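Fold and contact review
Here is how the chains run, residue by residue.
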2 protein chains.
Amino acid sequence: MSLPHALLGLLALRPATGYELARMFDGDLGRYAWQAGHTSVYPELGKLAAQGLAEVTEEGARGAKTYALTEDGRAELRRWMLEPQRQGKVRNEGVLRLFLIAALPREDALAVLDRTAEEAERDLAELRQVRAEHPDDASMLGEQGIGQLAAEFGVRQYETVRDWARWAAERLRAEG
Amino acid sequence: MSLPHALLGLLALRPATGYELARMFDGDLGRYAWQAGHTSVYPELGKLAAQGLAEVTEEGARGAKTYALTEDGRAELRRWMLEPQRQGKVRNEGVLRLFLIAALPREDALAVLDRTAEEAERDLAELRQVRAEHPDDASMLGEQGIGQLAAEFGVRQYETVRDWARWAAERLRAEG
DNA sequence: ATACGACATGTCAATACTTATATGTCGATA
DNA sequence: TATCGACATATAAGTATTGACATGTCGTAT
């Protein structure tokens, strides 16, 4: 149940509407870290407001409600970020596949590994380009859904996956 | 909804009881890839059996039922593993925190980054040791919950996280 | 003998999440 | 001025997952 904290974190960067928050989950945030659809976001914002962790600071055009963190919300975010790392929930379909490669016959395993390496390479190139185009957005998961720290993390993740997949394929091929 | 496929994959490695499968999710599989409690596993095994993807091959002591893949189950696993990668579901509380570091005041951010690097370093050392103690278990998420491919993946992941956290902390400190 | 921890399976209620459906606004462009 | 795509919110039904509860067995050490 990290969705409320994800929202608190995003609102800490800057106030946003539910729509904007929902879109952030479509970007790199949702790709590596946490996903949520707008149907989860809107009710959750309501709960956060009911708990006094966020509040509506502005009602704009098209019924848009801009939410901002309250002091309590900021304190709760801080508490959650600094609290000792209990082994949190992990669900990653892509990584699951990688773990299960060992369950496939050799030829299939090689196919999956090769495809994985290619995809990682492609995503890496794309991410590098996006980052190059937005060099100044130092602290936010913004319009493009990405901050510099997160972008760097993504780049390194893709490199790691690509290199691992190549290594694994080579190893399998060598075993013959 | 990858749980059924996770189970098919694990059963493809070798037949197992629900209890054993549930324990595998406590290990590295659950740490990086996919989690599930026994309360999900048992009913899901029942469903897989009802669909003819798995079957009970042995009833042992203490009511233990050993499940194995059927031909259909193996085919379904293969289909799922080879099918094109729709962007699957991702939920990772730890990575979410990393993304939200930018939302914290500088001192807190540095504290989280430093702790992250230390934890990655510690986990890395532990994993390296486990791997060194089980060098021959080349193709399974076995008793120790780990295969060689998965172990190498874990090692690389930890290194990546550690190095990224160090890089990010350094960068933040340099910005002053 | 008995107590304890690991083995082993299960149900149920509550919570969380997804998918489908619904409604309406605003700005741009054809 | 009509249409379209992006903006914007919302509910409801169905599915998946978690956490609490419940039960019992087997082997080992006291």
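Here the structure is a predicted model, which means the values were calculated and not measured.

1. Quick notes on unusual backbone geometry
The phi torsion at Arg62 of chain A lies on the positive side, around 55 degrees, for a residue other than glycine. Along the chain, Arg62 of chain A falls in the loop between strand S2 (54-59) and strand S3 (65-69).

2. Some details on the domain arrangement of chain A
It is common to give the size of an interface as the accessible area lost on bringing the parts into contact. For chain A, the domain assignment lists domain 1 (3-82) and domain 2 (93-175). One C-alpha centre belongs to domain 1 of chain A, the other to domain 2 of chain A, and the line joining them spans 28 Å.

3. Structural notes on the interface of chain B and chain A
Every contact between the two is made by 53 residues of chain B and, on the other side, 53 residues of chain A. Counted by class, the side of chain B that touches chain A contains 30 nonpolar, 13 polar and 10 charged residues. With three bridges connecting them, strand S4 (residues 90-92) of chain A and strand S4 (residues 90-92) of chain B associate as antiparallel partners. Its bridge partner being in S4 of chain B, Asn92 of chain A is matched across the sheet by Val90 of chain B.

4. Examining the relation of the copies chain B and chain A
Overlay of chain B on chain A (RMSD 0.1 Å): rotation 180 degrees, translation along the axis 0.0 Å. Between the two chains, the operation in question is that of a two-fold axis. Relative to the rotation axis, the C-alpha of Arg91 of chain B is the closest in chain B, positioned 2.5 Å from it.

5. A few points about the packing of helix H7 (residues 106-133) of chain A against helix H5 (residues 71-82) of chain B
Where H7 of chain A meets H5 of chain B, the axes come as close as 10 Å, and the angle between the chain directions of the two elements is 25 degrees. Between H7 of chain A and H5 of chain B, the angle is such that the two are roughly parallel. Of the two elements, H7 of chain A crosses H5 of chain B, and the hand of that crossing is left-handed. Contacts between H7 of chain A and H5 of chain B involve Asp108, Ala111 and Val112 of chain A from the first element and Arg78, Met81 and Leu82 of chain B from the second.

6. Considerations on the sheet that holds S2 of chain A
All names here are of chain A. Taken in spatial order, the three strands of this open sheet run S1-S3-S2, and their pairing is antiparallel. Of all the strands in the sheet, the pair left with one neighbour each is strand S1 (16-17) and S2. Sheet topology places S2 next to S3; five bridges connect them, and they run antiparallel. If you follow Ala54 over to S3, its bridge partner there is Leu69.

7. So, the protein's contact with DNA strand C
In the vicinity of DNA strand C there are 24 residues, among which Thr39 of chain A together with Gly18, Tyr19, Thr39 and Ala64 of chain B approach most closely. When contributions to the surface near DNA strand C are tallied by element, the ones reaching two or more residues are helix H4 (38-50) of chain A together with helix H2 (18-24) and helix H4 (38-50) of chain B. Counting residues per element, the surface near DNA strand C draws most heavily on H4 of chain B, which supplies four residues. Grouping the amino acids of the surface near DNA strand C by side-chain chemistry returns nine nonpolar, 10 polar and five charged.

8. Quick look at H4 of chain A
Side chains that are three or four residues apart share a direction in an α-helix, a result of its 3.6 residues per turn. All names here are of chain A. Here H4 contains 13 residues, and its C-alpha end-to-end distance of 18 Å stays within 8% of the 18 Å for a straight helix at 1.5 Å per residue. Listed in full, the buried residues belonging to H4 are Val41, Leu45 and Leu48. Seen end-on, H4 carries its buried residues on one side only, within an arc spanning 65 degrees. Opposite the buried face of H4, at more than 90 degrees from it, the exposed residues are Thr39, Pro43 and Ala50. Contact partners of the buried residues in H4: helix H1 (3-13), helix H2 (18-24), S2, S3 and helix H5 (71-82).

9. Regarding the protein's contact with DNA strand D
Taken together, 24 residues lie around DNA strand D, and Gly18, Tyr19, Thr39 and Ala64 of chain A together with Thr39 of chain B are the ones closest in. Elements that contribute at least two residues to the surface near DNA strand D include exactly H2 and H4 of chain A together with H4 of chain B. The element that contributes the greatest number of residues to the surface near DNA strand D is H4 of chain A, accounting for four residues.

10. Observations regarding helix H6 (residues 93-100) of chain A
The element H6 of chain A is extensively covered by neighbouring structure, given that seven of its eight residues are classed as buried. Those residues of H6 of chain A lying buried are Glu93, Val95, Leu96, Arg97, Leu98, Phe99 and Leu100 of chain A. Contacts made by the buried residues of H6 of chain A are with S4 and H7 of chain A together with helix H1 (3-13), helix H3 (28-33), H5 and helix H8 (148-175) of chain B.

Parameters and conventions
- Each residue is numbered by its place in its chain's sequence as written, counting from 1.
- Written order decides the labels, with chains lettered from A and ligands numbered from 1.
- Whole-chain, interface and lining totals are the exception, using all residues; otherwise, since this is a predicted model, local features are given only for residues with pLDDT of at least 70 and side-chain atom pairs are given and counted only at 80 or more.
- Secondary structure elements are taken from DSSP: a helix is a run of H or I of four residues or more, a strand is a run of E of two residues or more, and numbering for both begins at the N terminus.
- Each domain span listed reflects an automatic or database assignment of domains.
- What counts as a contact is two residues whose backbone-derived C-beta atoms lie within 7 Å of each other.
- All amino acids are sorted into three groups, where Ala, Val, Leu, Ile, Met, Phe, Trp, Tyr, Cys and Pro are nonpolar, Asp, Glu, Lys and Arg are charged, and the leftover types, Gly among them, are polar.
- Whether two strands pair comes down to DSSP finding at least two bridges between them.
- When the copies are superposed, the least-squares fit takes in the C-alpha atoms of residues with a pLDDT of at least 70 in both.
- Axes here refer to lines fitted to C-alpha atoms; in helices the fit is confined to the stretch in contact. Angles between the N-to-C directions go from 0 to 180 degrees.
- The scheme is simple: roughly parallel for angles under 35 degrees, roughly antiparallel for over 145, roughly perpendicular for 65 to 115, oblique for anything else.
- By convention, the crossing between two helices is left-handed when the near helix turns anticlockwise from the far helix through less than a right angle, and right-handed when the turn is clockwise.
- We call a residue near a molecule or strand when its C-beta atom, built from the backbone, sits within 6 Å of it.
- Here the expected length of a helix is defined as 1.5 Å per residue gap, with one fewer gap than residues.
- Note on burial: count the other C-beta atoms lying within 10 Å of the residue's C-beta; 20 or more is buried, 12 or fewer is exposed, in between is partly exposed, and C-beta positions come from the backbone.
- Note that the arc is computed from the directions linking the helix axis to the C-beta atoms.

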